[in-house]
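Descriptive analysis of the structure
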Amino acid sequence: MRRIILLGTTALAMAASSAGVSLGYEGLELVAPNCDAGNKISAIRAVDAHTVTFEMCGSDPAFEPKAAFVSFGIQPSEHINTVGTTKDILSNPIGTGPYKLESWNRGDSIILKRNDAYWGDKANAETLVFRWSTSGASQLNELRSGTVDQISTLSPDDFDAVKNDPDLQFLPISGPNTFYVGMNNKFAPFDNVKVRQAIAMGIDRQRIVDNYLPEGSDVAKFFTPCTIPNGCVGDEWYGFDPVAAKALLAEAGFPEGFKTKIFLRDVFRTYLPEPNTMAVELQSQLKNNLGIEAEVVALESGDFIGQASAGDLDGFHLLGWGADYPHITNFLDYHFGAEVKQFGNSFPEISGPLAEGATVADVEAAKPLYESANNAIRDLVPMIPISHAAAASAARSYVENAGYRPFGAKQFSLANPGKDTMVVMQNAEPISLYCGDESDGESTLVCTQIIETLLDYAQDSGSIVGGLATSCDANADATLWTCNLREGVKFSDGSDFDANDVVASYAAGLDVTNPAHVGNTGTFNYYSYLWGLINAPAK
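Since we're looking at a predicted model, the values are computed, not measured.

If you check helix 12 (residues 363–380), its first and last C-alpha atoms are 25 Å apart, about what 18 residues at 1.5 Å a residue would give, namely 26 Å. Its axis deflected by about 30 degrees at L369, helix 12 carries its strongest bend there. Taken as a whole, helix 12 has its buried residues at A366, L369, Y370, A373, N374, A376, I377 and L380. Where helix 12 is buried, its residues meet helix 5 (193–202), helix 10 (328–336), helix 11 (348–357) and strand 16 (383–388). The opening residue of helix 12, the one whose side-chain oxygen lies 3.1 Å from the backbone nitrogen of E364, is D362. Count one or two residues on from helix 12 and you reach V381, which has phi positive near 50 degrees.

Moving on, we come to empty space enclosed by the protein. According to the stated counting rule, one finds 5 cavities of 30 Å³ or more in the structure shown. Forming the walls of the largest cavity are 13 residues, and the residues nearest its centre are G73, Q75, Y434, G436 and I451. Along the lines of polarity and charge, the residues of the lining of the largest cavity split into 8 nonpolar, 5 polar and no charged. Here the second largest cavity is characterised by a volume of approximately 70 Å³. Lining the second largest cavity we find H335, F336, G337, V340, Q342, F343, G344, N345, S346, F347 and I350. Considered class by class, the residues forming the lining of the second largest cavity number 5 nonpolar, 6 polar and no charged.

Interaxial distance between helix 11 and helix 12 falls to 8 Å at its minimum, and their mutual angle equals 160 degrees. Taken together, the axes of helix 11 and helix 12 are roughly antiparallel relative to one another. Seen along the crossing, helix 11 lies across helix 12 with a hand that is left-handed. Listed contacts from helix 12 to E349, I350, P353, L354, E356 and G357 of helix 11 are L369, Y370, S372, A373, A376, I377 and L380. Taken together, the residues that form the contact of helix 11 with helix 12 break down as 9 nonpolar, 2 polar and 2 charged.

Pairing of strand 13 (residues 259–265) with strand 14 (residues 293–299) involves 7 bridges; the strand directions are parallel. Residue pairing in the sheet places K259 in a bridge with E293 of strand 14. Handedness of the crossover joining strand 13 and strand 14 through helix 8 (residues 275–290) is recorded here as right-handed.

Attention shifts here to the confidence of the model for the protein. Here the protein averages 92 in pLDDT, while 95% of its residues score no lower than 70. A low-confidence stretch, residues 1–23 (pLDDT under 50), is modelled with 63 contacts involving residues beyond four sequence positions or located in other chains.

Before going further, it helps to spend a moment on the sheet that holds strand 13. Spatially, the 6 strands line up as an open sheet ordered 12-16-11-15-13-14, and their pairing is mixed. The outermost strands of the open sheet, each flanked by one partner alone, are strand 12 (218–219) and strand 14. Taken strand by strand, helix 8 contacts strand 11 (177–182), strand 13, strand 14 and strand 15 (316–322), and its axis lies near 165 degrees from that of strand 13. Against the sheet, helix 10 touches strand 11, strand 15 and strand 16, its axis set at about 150 degrees to strand 15.

Another aspect to go through is unusual backbone geometry. The omega torsion across A188 and P189 is 0 degrees, close enough to zero to call that bond cis. With respect to the element layout, P189 can be found in the loop between strand 11 and helix 5. If you check the backbone angles, N401 has positive phi at about 55 degrees while not being a glycine. Topologically, N401 is positioned in the loop between strand 17 (391–396) and strand 18 (421–426). Classification of N401 as partly exposed rests on a relative accessible area of 48%.

Further remarks concern the environment of T96. Following the sequence through the fold, T96 ends up in the loop between helix 2 (77–82) and strand 6 (99–105). Considered as a pair, T96 and K490 are 394 residues apart in the sequence and their alpha carbons are 6.2 Å apart. Aside from chain neighbours lying at most four places away, what touches T96 is N115, Y118, W119, I450, E452, L468, V489, K490, F491 and F497. At 2.7 Å, the side chain of T96 and the side chain of E452 are in polar contact.

Next up on the list: the pattern of salt bridges. The full count for this structure, using the stated rule, is 14 salt bridges. With its nearest N and O atoms 2.7 Å apart, the salt bridge here joins E281 to R207. Of this pair, E281 sits in helix 8 while R207 sits in helix 6 (residues 205–212); the two residues are 74 residues apart in sequence, bridging distant segments of the chain. Under the relative-accessibility criterion, E281 is labelled buried at 4%. Ionic pairing is found between E293 and K287, a salt bridge with its closest N-O pair at 3.3 Å. For E293, a relative accessible area of 38% gives the class partly exposed.

For the rest of this paragraph, the subject is helix 3 (residues 136–145). Listed as buried for helix 3 are G136, Q139, L140, E142 and L143. Projected down its long axis, helix 3 carries its buried residues within an arc of 160 degrees, all on one side. Count one or two residues on from helix 3 and you reach G146, which has phi positive near 85 degrees.

Take the nonpolar core next. Of all hydrophobic cores here, the largest spans 149 residues; its most connected members are F54, I199, I384 and Y506. At 7 residues, helix 14 (residues 499–510) tops the list of elements feeding residues into this core. If we ignore the near neighbours within four places in the chain, the residues touching I384 are F179, Y180, V181, M183, I199, A200, I203, R205 and W237. Judged by nonpolar contacts, the second largest core, of 13 residues, contains L140, V162, A394 and V423.

Quick look at the side chain of N185 now. Tracing the chain through its elements places N185 in the loop between strand 11 and helix 5. If we ignore the near neighbours within four places in the chain, the residues touching N185 are F190, D191, R196, F343, G344, N345 and F347.

What follows covers the state of the cysteines. Scanning the model with the defined rule gives 4 disulfides in all. For C435, the disulfide goes to C447, at an S-S distance of 2.2 Å. Given an S-S torsion of about 85 degrees, the disulfide between C435 and C447 has right-handed geometry. With a gap of 12 residues between them, C435 in the loop between strand 18 and helix 13 (441–450) and C447 in helix 13 connect regions that are remote in the sequence. Judged by relative accessible area, which is 3%, C447 ranks as buried. Across the disulfide, C472 is cross-linked to C483 (sulfur-sulfur distance 2.1 Å). On the sign convention where negative means left-handed, the S-S torsion of about 110 degrees between C472 and C483 marks this disulfide as right-handed. Highlighted residues: C472 in strand 21 (residues 469–474) and C483 in strand 22 (residues 480–485), separated in sequence by 11 residues.

Cut-offs applied
- Residues numbered from 1 in each chain as written.
- Predicted model: local features only at pLDDT ≥ 70, side-chain atom pairs only at ≥ 80, totals over all residues.
- Heavy atoms only, no water.
- Helix = DSSP H or I, 4+ residues; strand = E, 2+ residues; numbered from the N terminus.
- Expected span 1.5 Å × (residues − 1).
- Bend = angle between axes of the 7 residues up to and from the residue.
- Buried < 20%, exposed > 50% of the residue type's maximum accessible area, 1.4 Å probe, protein only.
- Contact = heavy atoms within 4.5 Å.
- Polar contact = N/O pair within 3.5 Å; in protein donor to acceptor, adjacent residues only side chain to side chain.
- 1 Å grid on protein atoms, 1.4 Å probe; cavity = no way out; pocket = protein on both sides within 12 Å on 5 of 7 lines; lining within 4 Å.
- Points joined across faces, edges and corners; volume = space filled by probe spheres on them.
- Nonpolar A, V, L, I, M, F, W, Y, C, P; charged D, E, K, R; others polar.
- Axes fitted to C-alpha atoms, helices over the stretch in contact; angles between N-to-C directions.
- Parallel < 35°, antiparallel > 145°, perpendicular 65-115°, else oblique.
- Left-handed = near helix turned anticlockwise from the far one by under 90°.
- Pairing = 2+ DSSP bridges.
- Right-handed = clockwise from strand over helix to strand, strands pointing away.
- pLDDT = per-residue confidence, 0-100.
- Salt bridge = Lys/Arg side-chain N within 4 Å of Asp/Glu carboxyl O.
- Arc of directions from axis to C-beta.
- Core = buried A, V, L, I, M, F, W, Y, C linked by side-chain atoms within 4.5 Å.
- Disulfide = S-S within 2.5 Å.

This is how it looks when you write it as C-alpha cells:
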C-alpha cells in the first residue's frame, strides 16, 4: 500500500515499499525524480517509527559528520508543515534539545529555559541567556564585571590580560579555521584571472598574521588547514611578490590599478577578530602594492551574508570559515562546489575533482583528486586564503566545563555556572533560529541548545557519537545509510519524536518544491552544498 501525501511534487508514501518494512506505520518518504540535478540523496524513507534510510546517488563516506551538523536539525513534522510554510519558523524553533526557547527580546537578548523532558543529561543551569556585542572590549568588560559568565570570542589583544586574571578562564578554541579575501568573477575586473593572480601575489599575508593575529596563528599555505586530511596536497599558495604582482596587473590592462570596494560585516570572528582593522590594512596594501583604490563598506550581518552567498558583491569581501566537521568536504565543497555562487561563475576545474573526491572514502585514494582541486584553486584564484588563526574564548573562573569542543557549537547545558542562570555574550544577534537556512555562527550557537541532529560530535575530538540516532550504518559502498533512531524522545512541545520527523525536516531543506522550503533567504546553503537540492529548476 502506498499513500501519497502532497508536499510539493515529491511523493511521501507509506513505508511498505521497496525498503521492506513494517506494515503498521505510515512512514513518509522523500524520493527524488532522478540524480540529474546534482543532488546526492535519491531517497529518504521512514522504514518504521525508529528507522530511517538515506539512499544516496553515489557513495558518500562523509555522511556521518554531515548529518551531525546543526543545520540538519530535526523538528516535529507537524511543526514543519505548518510554520515551516511561513516566516514564523524563523523565531519559533521546536526541538528535542536540553533547552527550549522562552523569549526573543529583539535587539537585547534571547532567553532559553531548561527542557525538563530532555532525554539526556539535564542542563545544569535552569535559564540560559544569550546577549551580544560587536565590541571585543565591551564583551571583556562585562565578563570582568560579572554581568556575563562567558564570552564566545576573545580579542587577541586581550589574551594575556585574561591569562593573568585569576577571576577569569582563558579557553583556547582548537577547531581549524581560515580567513580569506573573496572576489567575484561575474564583475570586472575580477573576471580577468590575471587580475586575481596579481592580487594573490600582491598581498603581504605574513604582515597581516604578524600584526593582527595572536601568537600561534599561521599564514595559509592552502585554503584548507593542514590538520584536515588532504587539505594541504598540491602546490602551496603564491609568495608575496609586489614587483611581479604589479607587472601582472599591468599585463592584464591595469598598470595604474583600479577602483573597487572592500565589503565586510562588523562582527568579529575567531578567524577575523578585528574586521574593520583588517579591512583598513588590506586597503593600504592594495593601494601601496598594486595601486588599487578600495573603499571599505560595512554591511549589516544578515545583509552581508545574503549578498555574499548570492554572489552579489562586486568588490572584495572579507569572510572566513570555522570547521563544522573534520573532513575536507566541509571546507572545499561548501565554497567551491558547482552550485556555489559566492565567487561568481563556478570553476569546473575545481568542482569536478571535488564531486569525485567526495565519493572516495580512502584518504590516499582521494589524494590525487584533492591535489587537482587545490592546484586549480591556486591557478584560478576565486579567493585569497590569508591565515589560520589561533582563537580563544573566556569565562568566569567559577564556570565548570566552560571550554569549547573542536567541532560543532558549544553545548552550554554541560557547563555549570553554579547558579540558576548562565549568561553568554556572543558577537551579534542571531539572524534567525531556523538554522536549516542560516550559516552564521550566532544563529547556530543558539540553535544547538534547542535543536538536535541525528548524530553529534564528541566533546574532545571530531569523532561521531550518537544523537537522535544511536547510529547510522552504511552498506558496503556507502550508498545506503540506515539510521537507528533513539526511542522515547519527545520534543519540547510534548510530541513524540519519530522517523517521519526526520523525513519532514530534511524534505523542507532539500526539496525546493516542498511548501516548507521557505526559510529566511530560501538558499538553504548547507543543504544545497553538502547534499544537493532536489527538484531544483533546470539551469
